[in-house]
Amino acid sequence: DIQLTQSPSFLSAFVGDRVTITCRASQGIISSLAWYQQKPGKAPKLLIFGASTLQGGVPSRFSGSGSGTEFTLTISSLQPEDFATYYCQQLHTYPPSFGQGTRLEIK
Amino acid sequence: QVQLQQSGPGLVKPSQTLSLTCAISGDSVSSNSAAWNWIRQSPSRGLEWLGRTYYKSKWYYDYAVSVKSRITVNPDTSKNQFSLQLNSVTPEDTAVYYCARARITSDWSTLFDYWGQGTLVTVSS
């Protein structure tokens, strides 16, 4: 099974900051990666798939990049509603697997 | 707009069977372009995919190795829903359980674009 490791596990930032979260895969997955946002008590919400394609309705301040084994999620200017936990997920091989999450908190 | 509505008990005794149902609106459990999944989340295991069913001329079922001997995912076409049964539960099965739709495309079959609201299931006597 493919393991995904996210860094950092915890991130504290100000509204307006630019932040980047990294996801590393244990083997190459080309661009078969998705990012989800989860708020407390809610289900994960799909943000990005195919490493860089924004899901409909997702603000353009979110962007994704990478291929192979290293991927990034960037939020260009943090808004109050962006403080949440973010997960990556590989789509490349069965079974699907998720990273352990990055918790983003307001400084 | 696809909506998934989960139902089922929040408390299950050890050794008994966990049963949850996910009712689908805005799509069909028999769709040729979707798979219907169960995923759970706990502090110790994170997000863990458990199993799925999908229809492509016949019904298919896939399960995670970790639960394969204990799990059944079943479609119910008459009610447009699908279910999860997990047998012989232990406290380690305590988690929030989600149902989720995965869009099936030529590239992927595990992209989870719609999720149920989640059900906290506690395994305790």
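Below, the structure is looked at part by part. (Residues numbered from 1 in each chain as written. Chains lettered and ligands numbered in written order. Predicted model: local features only at pLDDT ≥ 70, side-chain atom pairs only at ≥ 80, totals over all residues. Heavy atoms only, no water.)

Below, the discussion takes up the interface of chain A and chain B. At the interface, 20 residues of chain A touch 16 residues of chain B. For the pair chain A and chain B, the two sides together bury roughly 1600 Å², of which 64% comes from carbon and sulfur. Inspection of the chain A/chain B interface yields 0 salt bridges. Applying the counting criterion to the chain A and chain B interface returns 8 residue pairs in polar contact (both at pLDDT 80 or more). Going through the elements one at a time, β4 (33-38), β5 (45-49) and β9 (85-90) of chain A are the ones with two or more residues in the side of chain A that touches chain B. Looking at the side of chain A that touches chain B, its residues break down into 12 nonpolar, 7 polar and 1 charged. (Contact = heavy atoms within 4.5 Å. Buried area = accessible area lost by both parts, 1.4 Å probe. Salt bridge = Lys/Arg side-chain N within 4 Å of Asp/Glu carboxyl O. Polar contact = N/O pair within 3.5 Å; in protein donor to acceptor, adjacent residues only side chain to side chain. Helix = DSSP H or I, 4+ residues; strand = E, 2+ residues; numbered from the N terminus. Nonpolar A, V, L, I, M, F, W, Y, C, P; charged D, E, K, R; others polar.)

To continue, consider the side chain of Q6(A). Residues and elements named next belong to chain A. Mapping Q6 onto the fold places it in strand β1 (residues 4-7). Relative accessible area serves as the criterion here: at 3%, Q6 is assigned to the buried category. Only 2.9 Å separates the side chain of Q6 from the backbone oxygen of Y86, close enough to count as a polar contact. A polar contact is formed between the side chain of Q6 and the backbone nitrogen of G101, at a distance of 3.1 Å. The contacts of Q6, once residues within four sequence positions are left out, are I21, T22, C23, W35, Y86, Y87, C88, G99, Q100, G101 and T102. (Buried < 20%, exposed > 50% of the residue type's maximum accessible area, 1.4 Å probe, protein only.)

Residues and elements named next belong to chain A. The full count for this structure, using the stated rule, is 2 disulfides over all chains. There is a disulfide in this structure between C23 and C88, and the S-S distance comes to 2.1 Å. In this structure the cystine formed by C23 and C88 twists about its S-S bond by roughly 75°; its chirality is therefore right-handed. Taken together, the residues span a long stretch of sequence, with C23 in strand β3 (residues 19-25) and C88 in strand β9 at a distance of 65 residues. (Disulfide = S-S within 2.5 Å.)

As a further point, take the sheet that holds strand β8 (residues 70-75) of chain A. Two pairing modes exist for strands in a sheet, parallel and antiparallel, and in both the strands are linked by backbone hydrogen bonds. Residues and elements named next belong to chain A. Pairing in this open sheet of 4 strands is antiparallel, and the strands run β1-β3-β8-β7 from one edge to the other. Two strands lie at the open edges of the sheet, namely β1 and β7 (62-67), each paired on one side alone. Strand-to-strand twist in this sheet, taken as the mean axis angle between neighbours without regard to direction, amounts to 20°. (Pairing = 2+ DSSP bridges. Axes fitted to C-alpha atoms, helices over the stretch in contact; angles between N-to-C directions.)

For the structure on display, the rule yields 12 aromatic pairs over all chains. Ring centres 5.8 Å apart and planes at 75° place the aromatic pair Y36(A) and W115(B) in the edge-to-face group. Placement of the pair is Y36(A) in strand β4 and W115(B) in strand β10 (residues 111-115), with the two residues belonging to separate chains. Like W115(B), Y36(A) is buried. Pairing F112(B) with W115(B) gives two aromatic rings, centres 5.9 Å apart and planes at 70°, and the pair type is edge-to-face. For F112(B), a relative accessible area of 0% puts it in the buried group. Over the ring of F49(A) we find R103(B), and its NZ or CZ is 5.0 Å from the ring centre. (Phe/Tyr/Trp six-rings, centres within 6.5 Å; stacked < 30°, edge-to-face > 60°. Lys NZ or Arg CZ within 6 Å of the ring centre and 35° of its normal.)

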